[in-house]
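Notes for the structure review
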Amino acid sequence: MEQNKNCYDDVKNWAKTHKIRVGDDYVIIARYNHTTQNLSNRLSIDEVKEVINDIIMNDTRYLEQMEREAEEKKNITANDFVCSVCHSSIFIADNGNVYPCAGWQDYNIGNVKETSLKDIWNNSKKYNI
């Protein structure tokens, strides 16, 4: 997002240190309550291009991975996952609340200040439906 476009590497390095897999996501959607003021935080197309080029310069495998994933998506079927929500990703808010996605903040599945993320991921009744 606009406010952290110059320090995303810090987040990625922190995650790496803590053995947490992270990915890049340039999409900002409207808030879960359907208001759109937050969309002003989106990167411009040129800024997204800068970030991607920076990532490519620092990670030679990134472009290969993106090309491989794009090729795989050409063969997607109606039975394939099209969204990572609760399949391979979640959203953790600054207060520790865990949600299936940034757009589902009315569906709290746990809190990392009270329960380990591993326990929430593996055992949350709301998550493992």
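Above this note sits the structure.
Procedures and definitions
- Residues numbered from 1 in each chain as written.
- Predicted model: local features only at pLDDT ≥ 70, side-chain atom pairs only at ≥ 80, totals over all residues.
- Heavy atoms only, no water.
- Core = buried A, V, L, I, M, F, W, Y, C linked by side-chain atoms within 4.5 Å.
- Buried < 20%, exposed > 50% of the residue type's maximum accessible area, 1.4 Å probe, protein only.
- Contact = heavy atoms within 4.5 Å.
- Helix = DSSP H or I, 4+ residues; strand = E, 2+ residues; numbered from the N terminus.
- Polar contact = N/O pair within 3.5 Å; in protein donor to acceptor, adjacent residues only side chain to side chain.

This part is about the nonpolar core. The biggest cluster of nonpolar side chains holds six residues, and these are Tyr8, Leu43, Val48, Val51, Ile55 and Tyr62. Those residues within four positions of Leu43 in sequence are excluded, and the remaining contacts are Met1, Glu2, Lys5, Val48 and Val51.

Inspection of the secondary structure assignment puts Asn95 in the loop between β1 (91-92) and β2 (97-99). We classify Asn95 as partly exposed; its relative accessible area is 37%. Remark: the alpha-carbon pair of Asn95 and Lys113, spanning 18 residues in sequence, is separated by 8.1 Å. Among residues more than four places away in sequence, those in contact with Asn95 are Asn111 and Lys113. Here the side chain of Asn95 touches Asn97 through a polar contact of 2.9 Å, landing on its backbone nitrogen.

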